[in-house]
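If you want the building blocks of each chain, they are given just below.
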Amino acid sequence: MINDLVKELENEVGKCISCGFCESVCPTLPAAGYNLWKGARGRVILGKELLSTIKDKETINVSDSFYSCLDCQACLYVCPAGVNAGKVSHISKSIIASDTITGNQNPLAKMMARVTMRYMNPLGVREKCADWFKGMKADPDSNDLLYTGNMYQLMAYNKGMDSMRERMGKNLSEKMSSLVSTIPGLMKLTPVKRDEIIGQKMDKTLSNIALLLRKAGISFNYLGEAEPYPGTFIYDLGYLDLFEKYAKKIAKILKDSGAKRIITVDPHTYDLLKNVYPKYVDDFDLDIVHYLDLIDKSSFIGGSDSITYHEPCHFSLRDDAYNRPLETLKTVANVSLPARSGRRTKCCGGPDELIFPELTRKISEDRYRELQETKAEKIVTACPICFSNLNKGPEVIEIGDYLLSKLKN
Ligand code: SF4
Ligand code: SF4
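As a convention, each chain's residues are numbered from 1 in the sequence order in which they are written. Throughout, the order in which chains and ligands are written sets their labels, letters from A for the former and numbers from 1 for the latter. Confidence filtering applies because this is a predicted model: local features only for residues at pLDDT of at least 70, side-chain atom pairs given and counted only at 80 or more, and all residues used for totals across whole chains, interfaces and linings. Computation of side-chain values: all heavy atoms of the structure, hydrogens and water removed.

A few words on helix α15 (residues 357-372). Comment: elements are numbered from the N terminus, with helices defined as DSSP H or I runs of at least four residues and strands as E runs of at least two. By definition here, a helix of n residues has an expected span of 1.5 Å times n minus one. The terminal C-alpha atoms of α15 lie 22 Å apart, and with 16 residues this matches the ideal 22 Å at 1.5 Å per residue to within 8%. For α15, the full list of buried residues reads P357, L359, T360, I363, S364, R367, Y368, E370 and L371. Summarising the axial view, the buried residues of α15 lie within an arc of 160 degrees, below the 170-degree limit, and thus occupy one face. Here a residue-residue contact requires only that any non-hydrogen atoms of the pair lie within 4.5 Å. Those residues of α15 that are buried are in contact with α2 (28-31), α6 (151-168), β4 (306-310), β6 (378-381), α16 (384-390) and β7 (396-398). Relative accessibility thresholds used throughout: buried, under 20% of the residue-type maximum; exposed, over 50%; partly exposed, between the two (1.4 Å probe, protein chains only). In this description, the arc belongs to the directions extending from the helix axis to the C-beta atoms.

We now examine the nonpolar core. Looking at soluble globular proteins, one finds that nonpolar side chains tend to be buried together. Among the buried residues, those of types Ala, Val, Leu, Ile, Met, Phe, Trp, Tyr and Cys that are joined through side-chain atoms within 4.5 Å form a nonpolar core. Among the nonpolar cores identified, the biggest contains 132 residues, and L123, L213, F243, I262, Y277, Y291 and L403 are the most heavily contacted of them. With residues up to four places along the chain from it excluded, the contact list for Y277 reads P230, F243, A247, I250, A251, L272 and F284.

We now examine the site of ligand 2. The local shell around ligand 2 consists of C26, P27, A40, R43, C69, L70, D71, C72, Q73, C75, A85 and G86. Those elements giving two or more residues to the shell around ligand 2 turn out to be α3 (40-55) and α4 (85-97). Only a single heavy atom is needed: when it lies within 4 Å of a molecule or strand, its residue is near that molecule or strand.

Let us look at the sheet that holds β7. Between any two strands, pairing holds if DSSP finds at least two bridges. Strand order across the open sheet formed by 4 strands is β5-β4-β6-β7, with parallel pairing between neighbours. Each of the sheet's edge strands pairs with one partner strand only, and the pair in question is β5 (334-335) and β7. As judged from the 3 bridges shared by β6 and β7, these two strands associate in the parallel manner. Bridge assignment links I379 to a residue of β7, and that residue is V396. Against the sheet, α15 engages β4, β6 and β7, with an angle of about 150 degrees to β4. In this analysis an axis means a line fitted to C-alpha atoms, helices contributing only their contacting stretch, and an angle means the value between N-to-C directions, from 0 to 180 degrees.

Below, the discussion takes up the pairing of strand β2 (residues 261-264). Taken together, the 4 bridges between strand β1 (residues 144-147) and β2 define a ladder with parallel strand orientation. Bridge pairing in β2 places L146 opposite I263. Bridge analysis of β2 against strand β3 (residues 287-290) gives 4 bridges, and the strand direction is parallel. Paired with T264 across the strands is H290, a residue of β3. Note on the crossover from β2 through helix α12 (residues 267-280) to β3: the handedness is right-handed. Look down the strands so they point away from you; if the path from the first strand over the helix to the second goes clockwise, the crossover is right-handed.

Here helix α14 (residues 324-332) has its buried residues at R324, P325, L326, T328, L329 and V332. Looking at the buried positions of α14, the neighbouring elements they touch are β4, α13 (313-316), β5, β6 and α17 (399-404).

We now examine the packing of aromatic side chains. Classification of ring pairs rests on two measures: the distance between centres of Phe, Tyr or Trp rings, Trp counted by its six-membered ring, which must be within 6.5 Å, and the angle between planes, read as stacked under 30 degrees, edge-to-face over 60 and tilted in between. In total, this model carries 12 aromatic pairs according to the counting rule given. With a centroid separation of 6.2 Å and 35 degrees between ring planes, the pair formed by Y229 and F233 is classed as tilted. Ring centres 4.8 Å apart and planes at 55 degrees place the aromatic pair F315 and Y322 in the tilted group. Across the pair, Y322 and F315 agree in class, each one buried. Comment: the charge-over-ring label is applied if NZ (Lys) or CZ (Arg) is within 6 Å of the ring centre and within 35 degrees of the ring normal. One residue, K201, lies across the ring of F387, its end atom 4.9 Å from the ring centre.

With that settled, consider the environment of K93. Mapping K93 onto the fold places it in helix α4. Judged by relative accessible area, which is 6%, K93 ranks as buried. With 27 residues separating them along the chain, K93 and F66 place their C-alpha atoms 6.4 Å apart. Among all residues touching K93, those that are not within four sequence positions of it are F66, Y67, C69, D236, L237 and G238. Whenever a nitrogen or oxygen atom comes within 3.5 Å of another N or O atom, the pair is scored as a polar contact, on the condition that within protein one atom can donate a hydrogen and the other can accept it, and that pairs from neighbouring residues in sequence are kept only if both atoms are in side chains. Polar contacts involving the side chain of K93 include one to the main-chain carbonyl oxygen of D236, which spans 2.9 Å.

On to the packing of helix α11 (residues 240-256) against α12. Close contact between α11 and α12 brings their axes to 10 Å; oriented N to C, the two are set at 110 degrees. Comparing the axis directions of α11 and α12 gives the class roughly perpendicular. Contacts between α11 and α12 pair L240, F243, E244, A247, K248, I250, A251 and L254 from the former with L272, L273, V276, Y277 and Y280 from the latter. Polarity classes work like this: nonpolar for Ala, Val, Leu, Ile, Met, Phe, Trp, Tyr, Cys and Pro, charged for Asp, Glu, Lys and Arg, and polar for all others, with Gly in that last group. Looking at the contact of α11 with α12 residue by residue, the class counts come to 11 nonpolar, no polar and 2 charged. Small angles under 35 degrees read as roughly parallel and large ones over 145 as roughly antiparallel, with 65 to 115 read as roughly perpendicular and the rest as oblique.

Glancing now at the domain arrangement of the chain. Size of an interface: often given as the accessible area lost when the parts come together. For each domain, the first and last residues come from an automatic or database assignment. We note that the domain assignment places domain 1 (2-97), domain 2 (107-294) and domain 3 (297-404) within the chain. One C-alpha centre belongs to domain 1, the other to domain 3, and the line joining them spans 27 Å. Each partner contributes to the interface: domain 1 provides 17 residues, whereas domain 3 provides 17 residues. Here domain 1 meets domain 3 over a buried area of about 1400 Å², counting both sides, of which 63% is carbon and sulfur. Three residues stand out in domain 1 for area buried against domain 3, namely A31, L70 and Y77, and they jointly supply 39% of the buried area on that side. A simple way to read buried area is as the amount of 1.4 Å-probe accessible surface that goes missing from two parts once joined, with both sides added.

This part takes up the pattern of salt bridges. Salt-bridge detection follows one rule: a side-chain nitrogen of Lys or Arg within 4 Å of a carboxyl oxygen of Asp or Glu. In total, this model carries 18 salt bridges according to the counting rule given. Note that E23 is salt-bridged to R41, the shortest N-O span being 3.4 Å. With E23 in the loop between α1 (2-14) and α2 and R41 in helix α3, the pair connects residues that are 18 residues apart, well separated along the chain. For R41, a relative accessible area of 22% puts it in the partly exposed group. With its nearest N and O atoms 3.1 Å apart, the salt bridge here joins D285 to K255. Of the two residues, D285 sits in the loop between α12 and β3 while K255 sits in helix α11, which places them 30 residues apart along the sequence. Taking the relative accessible area as the measure of exposure, D285 reaches 58% and is therefore exposed. The network of salt bridges with common partners includes K346, D366, R367, R369 and E370.

So, in structure tokens, the structure goes:
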């Protein structure tokens, strides 16, 4: 695998003409005080450096540059040479994470990958992620499986993880992470605290999504406490060998449930299952949809609400852009999009929250300001990570909550 990765990296970085256009759209560059190595061009330069290091068989010594990349792919759409600095970062993380070369793995990244492998959830809280469904009934005979992937639920624990790290400081938290990645069971002994405010908010959004589906006549199964996380972190952090094993295990669980169609609720799980799983799991033939695909746009009352919509990178910046949320919103409200939208949408900074929370804070504040500049009365998000990061005022609302309030009868 390492040789293929090196070839891929060579191909990607070889195209760069060092013009710097990518730096104008890369959200991490201004957030990191214009530190070259935390921007798109710097990552491509480091990708070249990583290659020369491998060829010389010296110890890899690269900065956290690749780990701070959001993989938002905004750089790809302005690069005259077609370089994807997000891809450069992902391949580079994969080379760093590969078993044959060690030396610069981020301790937190390693911990998340190991804990996910052990508990099928990056923080070991899988069972708690079913609490939102209490009092509701699943339909085990349905061909449809509602798959939350634990994503909305994890937002409450991410905040707890963030404050735990702040209290511990960088050095101690890295030491703890190294220890937990060696003994993942320790995660259960030091459970991450749940932020009740965001937790209850996210639970309510999931209930509203379930209600929207029921009102649309969809009866679905749900795995409850057995529902696993899809493995997004393992893939994003470059642990490709582990991801392959993990994805096969999760695909089997989904298939064994008897489902033919998987109803996802967030952009990360949708993108991973639709675009990445088929590359790693043979015969992955489950039909992957987003819940809004199943809800007729004519089910909502049209109105004159003034809203803006923050388009998630994993919907808008992928080859096969997914626009159903925006199309649905346009049928119910007056939508004014921010300056950066569509193929030029700007990441909320969420993917950096675990390892570089200070970058996430700056990027999300910046994006929130851009959304406010539209002067819309409401800011609608369609991703738990975007909501959690942009939730800086009462006007920010999740699309499931908003659409439920617009449902006819
Ligand atoms: S825009 Fe493309 S060619 Fe220019 S520096 Fe960035 S990656 Fe290189
Ligand atoms: S993928 Fe996003 S964060 Fe990463 S280099 Fe490109 S623009 Fe910057």
